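# A look at the structure
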Amino acid sequence: KLGGGGRSRSKGGAEGGSVGGGSGGGGRDGQGRSRSRRRRSQTRGCAARTAQSDADRAWKRLDRLKKRSPYDASSSSSDRSEDPRRASEIKDLKERLSTKIKKARRAETVHTALKILERNAKLDQTSLREMLEMGAAKPGAAVFTQIIAICQVGKIRLNVPDFAKIVGNLVQRGAPIAQVRLVLNLVVPRGEPAIPLVPPGLEPEEVDAVYADEAPDEDSQAEDEADKGDMTREAPAEKLEIVGCKAHAAVNGPYELDADTTSYGRPTYKRSGDERGMVHYKRDEKGSFWAVSLGFGEQPLLVNRRDSRHPPRVGWQAVLDRGRQQADAAVLKAVIVSKDPVKASAAAAAAAATGHPQSRRESLKAAQEAMAKLDLSSLRGSVLHTKEETLEYFSHFCVLMHLELMAEVASIRKRRQRTPKDLLVRTGWALDQLMVRSVFGRRDGGRRMLPGWEDTGSEMIAFRLPPGFDLERCRLGKGDCVTVSETDPLLDRAGEGLVTDVKPGVMVVQMNGRFQDQQGKTWRLDKAANRVVYERQFTALLQLAGAESQPPCCELLVAAEVGGVDDWVEAMKQGR
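Calculation criteria
Residues numbered from 1 in each chain as written. Predicted model: local features only at pLDDT ≥ 70, side-chain atom pairs only at ≥ 80, totals over all residues. Heavy atoms only, no water. Helix = DSSP H or I, 4+ residues; strand = E, 2+ residues; numbered from the N terminus. Buried < 20%, exposed > 50% of the residue type's maximum accessible area, 1.4 Å probe, protein only. Contact = heavy atoms within 4.5 Å. Areas by Shrake-Rupley, 256 points an atom, 1.4 Å probe, with all protein chains shown as cover. Pairing = 2+ DSSP bridges. Patch = residues over 30% accessible without salt bridge, like charges linked within 9 Å, V, L, I, M, F, W, Y side chains within 5 Å. Salt bridge = Lys/Arg side-chain N within 4 Å of Asp/Glu carboxyl O. Axes fitted to C-alpha atoms, helices over the stretch in contact; angles between N-to-C directions. Phe/Tyr/Trp six-rings, centres within 6.5 Å; stacked < 30°, edge-to-face > 60°. Lys NZ or Arg CZ within 6 Å of the ring centre and 35° of its normal. Polar contact = N/O pair within 3.5 Å; in protein donor to acceptor, adjacent residues only side chain to side chain. pLDDT = per-residue confidence, 0-100.

### Section: the overall build of the protein
Along the protein, the regular secondary structure elements total 17 helices and 15 strands. Looking at the protein as a whole, 45% of its 576 residues qualify as buried. Considering only contacts within the protein whose residues lie at least 6 apart along the sequence, 65% involve residues at least 24 apart. Carbon and sulfur atoms make up 50% of the accessible area of the protein, which amounts to about 29400 Å² in all.

### With respect to the pairing of strand β11 (residues 458-464)
Among the 7 residues of β11, 6 are classified as buried, and the element is accordingly described as predominantly covered. Inspection of the sheet shows strand β10 (residues 430-443) paired to β11 by 6 bridges, in the antiparallel sense. Bridging from a neighbouring strand, Val436 pairs with Phe463 of β11.

### Observations regarding a nonpolar patch on the surface
Judged by side-chain polarity, Trp568, Val569 and Met572 come together as a nonpolar surface patch covering roughly 320 Å² of accessible area. With respect to the helices, strands and loops of the structure, Val569 is situated in helix α17 (residues 564-573). Its relative accessible area of 32% is what places Val569 among the partly exposed residues.

### Some thoughts on the sheet that holds β11
Ordered by their spatial adjacency, 6 strands build a closed barrel running β10-β11-β14-β13-β12-β15, and the pairing between neighbours is antiparallel. Here the strands of the sheet are splayed against their neighbours by 45° on average, with no regard to which way each runs. One ladder, built from 4 bridges, connects strand β12 (residues 481-485) with strand β15 (residues 523-527); its direction is antiparallel. Among the inter-strand pairings, Val482 is bridged to a residue of β15, identified as Lys527.

### Describing the packing of aromatic side chains
Both the distance between ring centres and the angle between the ring planes are used here to describe each pair of aromatic rings. Following the criterion strictly, the structure yields 6 aromatic pairs and no others. With a centroid separation of 5.8 Å and an interplanar angle of 35°, the aromatic rings of Tyr534 and Phe538 are classed as tilted. Of this pair, Tyr534 and Phe538 both sit in helix α15 (residues 531-546), 4 residues apart, which is roughly one turn of the helix. Here Tyr534 matches Phe538 in class, with each residue buried. Members of the aromatic cluster, each reached through a chain of ring pairs, are Phe394, Trp453, Tyr534 and Phe538. Sitting above the plane of the Tyr281 ring, Arg266 keeps its charged end 4.1 Å from the centroid.

### Focus on the side chain of Ser395
One can find Ser395 in helix α13 (residues 388-418). Those residues in contact with Ser395 that lie beyond four places of it in its chain are Val187, Val188 and Pro189.

### A look at the pairing of strand β4 (residues 278-284)
Among the 7 residues of β4, 5 are classified as buried, and the element is accordingly described as predominantly covered. Relative to β4, strand β3 (residues 266-271) runs antiparallel, the two being bridged by 2 bridges. Residue Lys270 lies in a different strand from β4, and its bridge partner there is Met278. With antiparallel pairing between neighbouring strands as the criterion, β3 and β4 make up a hairpin whose turn holds 6 residues, including Gly273 at a positive phi of roughly 80°. In this sheet, strand β5 (residues 287-293) lies alongside β4 in antiparallel orientation, the contact comprising 7 bridges. Across the sheet, Asp284 pairs through a bridge with Gly287, a residue of β5.

### Here we look at unusual backbone geometry
Phi angles above zero are rare outside glycine, and Ala104 is one such case at about 60°. Summarising the element assignment, Ala104 is placed in the loop between α4 (84-102) and α5 (106-118).

### Observations regarding the side chain of His280
As for its placement among the helices and strands, His280 is situated in strand β4. A distance of 3.0 Å separates polar atoms of two side chains, one belonging to His280 and the other to Ser293.

### Digging into the confidence of the model for the protein
With 79% of its residues at a pLDDT of at least 70, the protein reaches an overall mean of 79. Scored below 50 in pLDDT, residues 1-33 makes 23 contacts in the model with residues more than four places away or belonging to other chains. Contacts for the low-pLDDT stretch residues 216-223, under 50 throughout, to residues beyond four places or in other chains number 23 contacts.

So, in structure tokens, the structure goes:
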């Protein structure tokens with residue numbers, strides 16, 4: 001808009017200079033073009049710096065808060081605390097914070113929480129806990145680290161179930177290993193050493209993997225860019241492309257902006273070519289939402305209730321039979337097709353400003369820089385329990401089992417990255433080109449889940465094994481966890497499951513969630529980390545920590561000191 005206004009005024013100046021031939025018209029022409037260029041330059045520069053500057057400003061504000069006690073009486077007199085205007089302002093900020101948390105607006109939540117702390121007001125423990133749960137529920141390690149820092153300043157205190165819910169969120173969605181190790185420091189007792197973000201002895205490429213999401217196609221910060229308001233001030237993209245939709249694969253493909261049609265003041269996109277399909281804004285009795293459907297009056301296939309001026313990038317829900325909805329991996333990508341280099345450059349800068357990582361390397365770098373700013377030792381002792389010996393036992397073995405799981409996840413990811421598919425298949429770590437024989441046993445909920453884990457239901461998938469399948473050579477057997485993908489678990493993972501049976505010619509997998517098979521498609525199975533053992537161990541620990549009265553055998557377990565093996569190992573290393 002700024003560029004367009006500049007061109008209009010510049011055109012008038014040019015006409016005056018050409019017709020009149022005087023210095024006045026030419027001067028206006030030069031001034032108009034100069035103003036236009038300055039505006040366009042400022043727009044591009046501002047957009048490119050917005051994301052980084054916002055993050056830098058947030059960390060500077062956090063650093064200032066850490067240097068003083070947030071509730072220091074010296075910075076707030078009793079008269080000021082009783083000021084009705086200040087009390088009303090803080091009340092409004094806390095109400096706004098609660099709203100942002102409920103809407104999962106992480107960037108705005110961070111900004112509002114910082115405002116409250118800067119006014120020397122307290123953040124209650126409920127708000128801190130809800131912020132932490134919201135940050136753990138979806139990808140975005142850099143923003144999550146800022147939330148952790150706010151909780152650190154606010155002196156968060158968690159009970160065992162709340163901590164289990166947060167770490168459960170991270171484990172289920174395959175959060176970066178460094179992020180899980182970061183959160184484990186909350187349960188470490190104050191007298192024990194902090195857990196480093198990166199395990200010792202890793203190669204440089206392995207360090208990068210520690211900061212990477214297990215499902216990188218979910219674009220970690222894709223829902224935070226609209227929180228800052230940058231998207232709402234940019235012109236809509238000329239083209240969109242929907243990729244990764246599992247429930248309704250037919251909607252995947254390119255869409256073009258319909259310049260003649262808007263819906264409730266928002267842009268509308270039509271499917272390119274002759275195929276039917278629309279991306280538009282709708283309203284119903286529950287409110288407003290974005291929809292992907294075959295037409296204005298058609299039943300939505302994908303919905304997203306995010307209140308934004310432009311179609312959200314991620315966070316879409318697939319509409320299934322009988323109106324049921326489930327999360328889908330669909331991603332809307334903006335395609336920059338403008339022939340004007342200034343517009344294209346500004347659009348690219350705006351995309352950078354909205355928080356989208358321009359490459360995997362930049363995303364990993366942002367996560368590393370953010371986590372490096374935290375003082376891990378100050379996170380220790382944030383989980384409380386009525387019995388100190390029970391908490392010590394829970395903390396010790398909770399940390400051990402998660403570190404063991406993360407080590408297995410890293411080992412499997414390393415094998416998938418470095419080993420060719422043919423070799424994985426030949427050595428029995430994977431099965432490829434599998435056809436689906438049947439899908440049965442659909443269950444919608446009803447399972448007992450760990451805290452923080454979402455029950456997405458399950459289905460039984462019978463895969464047809466290839467001719468000449470050698471069961472003795474295959475490393476996938478009954479009780480093993482597997483990753484299901486189309487071609488590569490690092491690129492197009494469809495989900496995870498558990499092998500429940502292996503019969504001649506058939507392998508049955510209990511798939512988490514809803515399996516969307518397409519006629520004639522082939523699938524790949526890879527051995528995954530054993531989450532069954534992890535779930536059983538963590539369930540037992542939670543039962544032990546949550547029991548009001550313990551049987552004598554459990555009392556013996558928690559009464560003894562933990563960490564004796566660690567001391568013995570250290571003594572052996574020192575030759576004692």
